[in-house]
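Topology and contacts: notes
Residue-level listing of the chains:
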Amino acid sequence: MTPPVLPLNGPTGSLKVESAPPEYRLPPGLKRSLPFYAFKPWVKLGHPILLFEHLHKTYGNIACYKLFGTPIVFVNDPDYIREILVTQGAAFVKERTVRRMKVLLGEGLITSDDPIHIRQRRIAAPAFHRQRIAAYGDQIVACAAAQNERWEQRAQPDEPIDIAAASMELSLEIVARTLFDTEVTEDIRRINDEVNTIMGLYNFIVAFPRIELFMKLPIPGIMKFRQSKARLDAVVDRLIREHKEATAAGKPDPGDLLSMLLQSRDEQADAQGNFTGMSDEQVRDEVLTIFLAGYETVANGLTWTWYLLSQNPEVEAKLHAELDAVLGVGEEKRLATLADYPNLKYTEQVFAESMRLYPPAWAMGRMSTKPVQLGEYLIPPGAHFFFSQYMMGRTEEYFPDPPRFDPDRFSAENKARRPKYTYFPFGGGSRQCIGESFAWMEGVFSIATLAQRWRLSYGESAPPEIQEKITLRPKDPLMMRLHPR
């Protein structure tokens, strides 16, 4: 998962770039610096989707504005996105907002740039190999089945539940089992609590100028972040130490992702001819990255799936028909296994369509370090580029009648008709999310296991309001009622 961008914050900072020669040509867009438009309805701090929508509606698939002299380019075209992520990928680095998240995630796969990113990805790759991920299928189903049982045993069966909180709880259990080979212990809840505290400070952390220089000062928001980060690091460092001590004592490999990260070695030797692994600090950075990406992203994808199914009974009926056909009905009903995964095609399409309308990672950003040619435009180094999974997924040209929830958009035939970068919920190019296969499996098996037993209904007349944070969450608790099938 790539954390989204907040393009209403400041420019790039101290990174040195080339000066712009006069032949550069920027795309059309706002004539003045963005603060000049501060009272426009489409400029609202913390809600960049409003700005994206205005730019696309007014200027088309590529538009530009400036913030304190820094050119910022918004693109909503699959060919341009491919240029940024793949064809001219070497001309870009992570933009300021993502680099700022290093105060939490260090040099993890989300935040690091090459060459650190290349090496970390090589070392981590075996932990995310398809065969390794497949081994977690039964654990995902078991966690979802335990959720079923808890719902069955509720003291007040008719009382609505917050499906967002329930999805977070399920995803937390899955991450605890597959990352640490444990139940949701006090340690895991502490990690979750501290990450949530830090995520609540996300806008503050991103907006604070040069926060890295002030980390030791008694500024209230920074102190709160520093204390949470220290407690978080202490828990994760202890879990790493305990895993290493268990290995040294000859205990069997539990097969979790943390053990894999500790055992993995770079396939390329260093200058001394050694095939080295990650330091404990690097492992901690990756553990936090996997925890955040694997927990928050899928949980939000599931939340929006349950809401959309409740609003589209014909889709829900088709989903239930597939589950009954694959997993049986009545006394023949059983839980899904890995062998069923290829047959849950419509279930996967439901999850895919949910992430089109409400992509958990809803925007991405890059910064150019070289001149970049996009169509007729030549854009200087130091420019910021933003593109949005949310915006692209709601573009009429590629998804007719965009608000309509139609999982058949993701049949094999329909997917083949669209350019690749019309849909990129897990990013793309060399930095595509390494845990994508795991996320799909978690989503599909969770939906299949819960939808076997339940229908959910949403009683409010107004749709839930979105909240544009690191992921696309419902702003308020999303209360839904459970109905046994």
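Preceding this section is the structure that the text describes.
Only a predicted model underlies this, so the values are computations on that prediction, with no experimental measurement involved.

**Some remarks on the environment of Asp-408**
Counting through the fold element by element, Asp-408 comes out in the loop between helix H16 (389-393) and helix H17 (412-417). Under the relative-accessibility criterion, Asp-408 is labelled partly exposed at 31%. Spatially, the C-alpha atoms of Asp-408 and Ala-352 are 9.9 Å apart, while their sequence positions differ by 56 residues. Discounting residues that sit within four places of it in the chain, Asp-408 has contacts with Lys-318, Tyr-346, Gln-349 and Asn-414.

**Things to note about the packing of aromatic side chains**
Counted under the stated rule, the structure contains 16 aromatic pairs. Ring geometry for Tyr-136 against Phe-438: centres 6.0 Å apart, planes inclined by 75 degrees, an arrangement best described as edge-to-face. You can see Tyr-136 sitting in the loop between helix H6 (130-134) and helix H7 (137-152) and its partner Phe-438 sitting in helix H18 (residues 436-451), a full 302 residues away along the chain. On the accessibility criterion, Tyr-136 (3% relative accessible area) is buried. Phe-438 sits in the buried class, given a relative accessible area of 8%. Three or more aromatic residues link up through ring pairs in this structure, and these residues are Trp-304, Tyr-307, Tyr-358 and Tyr-458. Arg-32 extends its terminal NZ or CZ atom over the ring of Phe-36, reaching a point 4.3 Å from the ring centre.

**Points about the packing of helix H13 (residues 280-311) against helix H15 (residues 345-357)**
Between H13 and H15, the shortest axis-to-axis distance is 9 Å and the interhelical angle comes to 100 degrees. By the angle between their axes, H13 is roughly perpendicular relative to H15. In this structure, H13 uses Val-298, Gly-301, Leu-302, Thr-305, Leu-308 and Leu-309 to contact H15, whose residues at the interface are Val-350, Phe-351, Ser-354 and Leu-357. Looking at the contact of H13 with H15, its residues break down into 7 nonpolar, 3 polar and no charged.

**Quick word on the side chain of Glu-173**
With respect to the helices and strands, Glu-173 occurs in helix H8 (residues 163-180). With near-sequence residues (within four places) excluded, Glu-173 lies in contact with Cys-143, Arg-150 and Val-184.

**Side note on the pattern of salt bridges**
Applying the stated criterion across every chain, the model contains 24 salt bridges. Note that Asp-401 is salt-bridged to Arg-404, the shortest N-O span being 3.1 Å. Asp-401 gets classed as partly exposed once you look at its relative accessible area, which sits at 40%. Take Arg-404: its relative accessible area is 37%, and that puts it in the partly exposed class. Bridged by salt links that share partners, the residues Lys-229, Asp-233, Asp-237 and Arg-284 form one connected network.

**Some thoughts on unusual backbone geometry**
Look at Phe-68: it is not a glycine, yet its phi comes out positive at around 55 degrees. Tracing the chain through its elements places Phe-68 in the loop between strand S2 (62-67) and strand S3 (70-75). Residue class for Phe-68 comes out exposed when judged on its relative accessible area of 60%. The backbone phi angle of Asp-181 is positive, close to 55 degrees, even though this residue is not glycine. With relative accessibility at 32%, the residue Asp-181 sits in the partly exposed group.

**Some thoughts on the sheet that holds strand S6 (residues 364-368)**
Through backbone hydrogen bonds, the strands of a sheet pair up, either in parallel or in antiparallel fashion. Strand order in this open sheet of 6 strands is S1-S2-S3-S9-S6-S4, and the pairing throughout is mixed. Each having just a single partner strand, strand S1 (29-33) and strand S4 (92-94) make up the two edges of the open sheet. Averaged over all neighbouring strand pairs, the angle between strand axes comes to 25 degrees, with direction disregarded. Lying on the sheet, helix H1 (residues 48-59) is in contact with S1, S2, S3 and strand S9 (384-387); it crosses S2 at an angle near 130 degrees.

**Remarks on the packing of helix H14 (residues 313-327) against H15**
Put simply, H14 and H15 touch, their axes get as near as 8 Å, and they point 145 degrees apart. Contacts between H14 and H15 involve Val-315, Lys-318, Leu-319, Glu-322 and Leu-323 on the former and, on the latter, Lys-345, Tyr-346, Thr-347 and Val-350.

**A look at H14**
A rise of 1.5 Å per residue sets the reference length of H14, with its 15 residues, at 21 Å; its end C-alpha atoms lie 20 Å apart and thus fit the reference within 8%. Buried within H14 we find Val-315, Glu-316, Leu-319, His-320, Glu-322, Leu-323, Val-326 and Leu-327. What you see down the axis of H14 is that its buried residues fit within an arc of 160 degrees, all on one side. The outward face of H14, more than 90 degrees from its buried face, is lined by the exposed residues Pro-313, Glu-314 and Ala-325. Taken together, the buried residues of H14 touch H13, H15, H18 and strand S10 (454-457). The positive-phi residue at the C-terminal boundary of H14 is Gly-328, with phi of around 90 degrees.

**Some details on the pairing of S6**
Along S6, 5 of the 5 residues are buried, which leaves the element largely enclosed by surrounding structure. Neither face of S6 is left uncovered, since the one carrying Met-364, Arg-366 and Ser-368 and the one carrying Gly-365 and Met-367 both have all their residues buried. Across 3 bridges, S4 lies against S6 in antiparallel orientation. If you follow Phe-92 over to S6, its bridge partner there is Ser-368. Where S6 meets S9, 4 bridges bridge the pair, whose relative direction is antiparallel. Residue pairing in the sheet places Arg-366 in a bridge with Phe-385 of S9.

Thresholds, definitions, all that
- Residues numbered from 1 in each chain as written.
- Predicted model: local features only at pLDDT ≥ 70, side-chain atom pairs only at ≥ 80, totals over all residues.
- Heavy atoms only, no water.
- Helix = DSSP H or I, 4+ residues; strand = E, 2+ residues; numbered from the N terminus.
- Buried < 20%, exposed > 50% of the residue type's maximum accessible area, 1.4 Å probe, protein only.
- Contact = heavy atoms within 4.5 Å.
- Phe/Tyr/Trp six-rings, centres within 6.5 Å; stacked < 30°, edge-to-face > 60°.
- Lys NZ or Arg CZ within 6 Å of the ring centre and 35° of its normal.
- Axes fitted to C-alpha atoms, helices over the stretch in contact; angles between N-to-C directions.
- Parallel < 35°, antiparallel > 145°, perpendicular 65-115°, else oblique.
- Nonpolar A, V, L, I, M, F, W, Y, C, P; charged D, E, K, R; others polar.
- Salt bridge = Lys/Arg side-chain N within 4 Å of Asp/Glu carboxyl O.
- Pairing = 2+ DSSP bridges.
- Expected span 1.5 Å × (residues − 1).
- Arc of directions from axis to C-beta.

Geometric descriptors of this kind do not, in isolation, establish any biological role.
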